[in-house]
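Observations on chain architecture
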Amino acid sequence: MTTRDVTIRVNGIERQATTEARRTLVDFLRDELGLTGTHAGCEHGICGACTVLVDGEPVRSCLMLAVQAAGASVETIEGLGTPAELSPLQKSFRDSHGFQCGFCTPGFVMTTLALLRENPDPTEDEIRHTLSGNICRCTGYQSIVDGVQRAARAGIGANAEVVR
Amino acid sequence: MTAPATVGSTRTVGSSTLRVEDLRILTGRGRYVDDVKLPGMLHAAFVRSPLPHARIVSVDVSAARALDGVAAVYTGADIAARTSGITPLIAPEGHKHEPIFALAFDKVRFVGDPVVIVVADSRYVAEDACELIDVEYEPLDAIATFEQALDPAGPKIFESLDSNILFEMDSSYGDVDEAFARADAVVRETFAQHRVAQMPMEGRGGIGDFNPETGDFVYHTGTQSPHTVKAYISEALGIPLKQTRAVNGDIGGAFGLKIACHREDIAVCAAAYWLGRPVKWIEDRNEHLQSSGQAREERMELEAAVTSDGTILAMRGELVLDQGAYPAVPFVGGGIVGMVAAMMPGPYALRGFAMKSKVVASNKCTYSAYRAPWAVETWARERMIDVITRRLGLDPSDVRLRNFAPNDGSASMLSGRTLLDNSCAQSLERVLELADYPRLRREQAAARAEGRCVGIGFATFLEAAPGPVNRAGGDERSVARVEPDGTLSIFTSQAPHGQGHETTLAQIASDEMGIAIRDVHVYHGDTAVGPYAMIGTGGSRAATMASGSVLHSTRQVKEKVLAIAGEMLEVGPQDLRIGDGYVYPAGVPSIRLSLAEVADRAYQSPDDLPTEIDTTLEAEANYDGGIGSWSDGTHLCHVEIDLETGQVRFLRYLVVEDCGRMINPAIVEGQIRGGVAQGIGEVLYEWSAYDEDANYLAGTFMDYLLPTASEIPTIEIEHLANEPNEEVFYRGVGEGGLLIAPAAITNAIEDALSPFGATVTEQYLPPAKILELAKIISS
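Predicted model only: the values in this text are computed from it and were never measured.

Before going further, it helps to spend a moment on the overall build of chain B. Tallying secondary structure elements over chain B gives 20 helices and 26 strands in all. Relative to the globule expectation of 28 Å for 779 residues, the C-alpha radius of gyration of chain B, 28 Å, shows essentially globular dimensions. Considering only C-alpha atoms, chain B reaches an extent of 85 × 70 × 45 Å along its principal axes. In chain B, which comprises 779 residues, the proportion classed as buried is 59%. Counting contacts in chain B only where the partners sit at least 6 residues apart, residues at least 24 apart contribute 80% of the total.

This part is about the overall build of chain A. What chain A contains, in helices and strands, is 5 helices and 5 strands. Written out in order from the N terminus, the α and β elements of chain A read β-β-α-β-β-β-α-α-α-α. At 15 Å, chain A has a C-alpha radius of gyration in line with the 15 Å of a compact globule built from 164 residues. Taken across its 164 residues, chain A has 58% of its residues classed as buried.

Residue and element names in this part refer to chain B. In terms of residue burial, strand 9 (residues 205–211) counts as a mostly covered element, since 6 of its 7 residues are buried. Judged from the 4 bridges that link them, strand 9 and strand 12 (residues 279–282) form a sheet pairing that is antiparallel. Paired with I207 across the two strands is K280, which belongs to strand 12. Across 6 bridges, strand 9 lies against strand 10 (residues 216–221) in antiparallel orientation. Its bridge partner being in strand 10, G208 is matched across the sheet by Y219. Hairpin connection of strand 9 to strand 10: 4 residues between the antiparallel strands, including G215 at a positive phi of 80 degrees.

Let's shift gears to the sheet that holds strand 9 of chain B. Residues and elements named next belong to chain B. Pairing within the open sheet is mixed, and its 7 strands lie in the order 3-5-1-12-9-10-11. Each edge of the sheet is formed by a strand with only one pairing partner; in this case those strands are strand 3 (70–75) and strand 11 (244–248). On average, each strand axis in the sheet is tilted by 20 degrees relative to the strand beside it, whichever way the strands run. Across the sheet, helix 7 (residues 226–237) is in contact with strand 10 and strand 11; its angle to strand 11 comes to roughly 145 degrees. Of the strands in this sheet, strand 1 (42–48), strand 3, strand 5 (114–120), strand 9, strand 10 and strand 12 are in contact with helix 8 (residues 263–275), which crosses strand 9 at around 30 degrees.

This part covers the domain arrangement of chain B. All names here are of chain B. Once the domains are mapped, chain B shows domain 1 (22–30 + 471–623) and domain 2 (421–469 + 628–779). Breaking the side of domain 1 that touches domain 2 down by element, the ones donating at least two residues are helix 15 (501–513) and helix 16 (542–569). Broken down by element, the residue count for the side of domain 1 that touches domain 2 peaks at 7 residues, all from helix 16.

All names here are of chain B. Core analysis: the biggest nonpolar cluster contains 296 residues, and V116 and V118 have the highest contact counts within it. Top contributing element to this core by residue count: helix 16, with 13 residues. The residues touching V116, leaving out its near neighbours within four places in the chain, are F46, V47, V59, V61, V73, Y74, T75, L103 and I133.

This part is about helix 15 of chain B. Residues and elements named next belong to chain B. The end-to-end C-alpha distance of helix 15 is 17 Å, a good match for the 18 Å that 13 residues give at a rise of 1.5 Å each. Counting buried positions over the 13 residues of helix 15 gives 13, a clear majority of the element. One or two positions beyond helix 15, positive phi appears at G514, with a value near 75 degrees.

Residue and element names in this part refer to chain A. Domain parsing of chain A yields domain 1 (3–79) and domain 2 (88–153). Opposite the 15 residues of domain 1 that make contact, domain 2 presents 12 residues. A breakdown of the residues in the side of domain 1 that touches domain 2 according to their chemical character gives 7 nonpolar, 7 polar and 1 charged.

What follows is about the interface of chain A and chain B. Every contact between the two is made by 46 residues of chain A and, on the other side, 46 residues of chain B. Only helix 2 (88–95), helix 3 (105–118), helix 4 (124–131) and helix 5 (142–153) of chain A provide two or more residues apiece to the side of chain A that touches chain B. If one sorts the elements of the side of chain A that touches chain B by residue count, helix 2 of chain A sits on top with 4 residues. Its residues placed into classes, the side of chain A that touches chain B shows 20 nonpolar, 19 polar and 7 charged.

Let us look at unusual backbone geometry. The step from V329(B) to P330(B) runs through a cis peptide bond, and the omega angle for that step is 10 degrees. For P330(B), the position within the fold is in the loop between strand 14 (312–322) and helix 10 (333–343). Backbone geometry places Y141(A), a non-glycine residue, at a positive phi of 75 degrees. You can see Y141(A) is positioned in the loop between helix 4 and helix 5. With a phi close to 60 degrees, A372(B) is a non-glycine residue in the positive phi region. As for its position among the elements, A372(B) is in the loop between strand 15 (352–360) and helix 11 (376–392).

Residue and element names in this part refer to chain B. Overall, antiparallel pairing links the 3 strands, which are arranged 4-2-6 in an open sheet. Bordering the open sheet on either side are strand 4 (107–108) and strand 6 (134–139), each of which pairs with just one other strand. As paired strands, strand 2 (residues 54–60) and strand 4 are joined by 2 bridges and run antiparallel to one another. Note on strand 4: the bridge partner recorded for A54 is V108.

Reading the values: the criteria
Residues numbered from 1 in each chain as written. Chains lettered and ligands numbered in written order. Predicted model: local features only at pLDDT ≥ 70, side-chain atom pairs only at ≥ 80, totals over all residues. Helix = DSSP H or I, 4+ residues; strand = E, 2+ residues; numbered from the N terminus. Rg over C-alpha atoms; globule rule 2.2 N^0.38 Å. Buried ≥ 20, exposed ≤ 12 C-beta atoms within 10 Å, placed from the backbone. Contact = placed C-beta atoms within 7 Å. Pairing = 2+ DSSP bridges. Axes fitted to C-alpha atoms, helices over the stretch in contact; angles between N-to-C directions. Domains from an automatic or database assignment. Core = buried A, V, L, I, M, F, W, Y, C linked by C-beta atoms within 7 Å. Expected span 1.5 Å × (residues − 1). Nonpolar A, V, L, I, M, F, W, Y, C, P; charged D, E, K, R; others polar.

And the structure:
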């Protein structure tokens, strides 16, 4: 099996590992680094559950190999708040009763984080358009859109959501 | 003793209390089944049939067994030799089925039928090994349609069963023939419900973990029914029930699919049992799409006896349900058609109703429960009412209001249950008022004059959640325990997977006990700690049944707390008050004991209490649903169709519903909106498609289309709150949204297309079908 040594900055911390060349980034994050917050929902790039930010851009970590992320900076859900101290974005989603089963949730949160950094005050159409790359089967989306709007109103924008 | 009323400021029932679950799911700290890692764990993958129907000639696994990193390869023959077949427990008498084995060994019966399980060091290696396995098949003719399944000359899916017709049932209520003899007109139509799927965002999966030292077997999984899964694992593998345990973590959605014990569960557990090492299987999306479960393939030929003023005297019909190849365990198609016939008269005052139902087998994936499994009756009935309306030149609101049974207690559904305390007429009138229906009709006329294609549709439902007096699903159990620190633990037989029961049941318990919701912890989803229930979370049982049980178990433990506190304070329990985490004599809140102090006395120094005082700070309570009642409502939608693209746009979607008092309005509304979104998906996007040879065609999310935030509109909700004279006045809302949305949507689409003479008889309406109905393209 072909393996490679990779160094990836994950949530601000340099991580080094030897990984199979064919290993996807989502499997690498989950299995090698133990960051199980990122979920694999379809493994063919449609559902968006595995969305993480690579150098600030939302990426389907099921479609990217870990070796392709070598040298990059990756942000995952674990880089935001904790149960004891939600980040402002997570708090907005909670206040809106944004999610139900929670499986798609990390992908939506990371997609929203990228959106609000780029566009701190999106319209509802812009929000829905941006979120249309993520599938939620539980909510009908209204509570998620509401959570994004709540976060935007709270002024979570370019710099407020600092990855720890 | 009647417990004194709880006082204090901690009450949360009726408020949109923030969800307990969100703290972990929003931070990536949920624990879904794929997040479980056990020492020495192996990984499984399945070889599945590429053919819909074929005899297995040979299976060559030698190359796979030889691959580095492969721990074991088991074929269908291994499974057949070493496990027992399982059978559906919940099958009506006369329902035909064979014992079901985890892997196919004689024949494959649908595309995706598991044939071999490979266990290896990693999922990657397991899949590599699957590629090395050579299965030789002798193809057989397949059953893909109702006609083929009903044809006695067709190939048999199970040779031991003499037919592909597995179950037949005739239901008849009232005087059907007399009603048809009196009718001014008989309206006939055939309604086809296409095959769709539940499609939770987390697929199936599990980790079997056998401890050869103790003989204990644990299955970590994500199931709606842990006790049922445990029982089937025990039965199939021959592990004593007392040493078998099923454990859930968080579950990424289920929608009825995960109420069953799946064949793969048995295969994974068999591998773990035989190897004595943990074996994990996490389904991929392609496996999920083709082989996890599908739902809703039914056809109903229906006729209605009507008078010219729009009175519906009776309905009768014939129903066929395509169960696929293997029955779901434990809930088979025969149970579904029984529910369909029992619920179909709905809130209307029919004089007669009859249904001849058949369940057939086909070379397709297992038909399994999906949110409102009986939904075809509501769709066909509400569709038929609009068809009648149009044929008679009437208005659909008038026809419904004319036919609703009185709500004064005098009327029962023909199939038996009282219709008392339903709000169907009220919800229809209110939704028409909210929508300003006369104005909508005027605007529709104006839009049509401009060449626009606009439609208005509505439909009314009754959801038995739980429905009037019904103990068919068993009572609901819970245990409440005050812990040494004064917090309250609740053990429920629910197995929540998104419904927020850790929050809602904690709301019920904290209100009853008079403590903060943060001081309540709800335990669930582990057969070692949760009380028995055949169904965990399903059938809309939680809101009434589980809440009632938690209310009563908490109340009973509260009475024990008060008895102990009474001794400590030398005050009669009836003169105590409890609230804000303290017990105190009425009117003297300064002399108070915290729950922790009371618990400390019971646990640490019971010798300071009289011997007759019960110091077990724990209570179990059953709840039978009480008098029960209906959840119900009316949905209205207003659509515009683009006649160039065939796309349907929602101008407005309105819900007026009644689920009694809401425990947590935000959770209620989330359930309703989620159900409506699935209904929109079902009508406009989703189809578990098979071709005429039963080849499966929707193996990716580019084929099986799920609606996104761009397709689902804002859904406006207004609540009515008809509260029966019962202490537990909360009713379920899990199923109503999906139950009724397809009817409201298809009624609106037919209304929009009525200038073209369209009648919507198929529920699946993708753009091409819309353009065909508008006679813009030919079929």
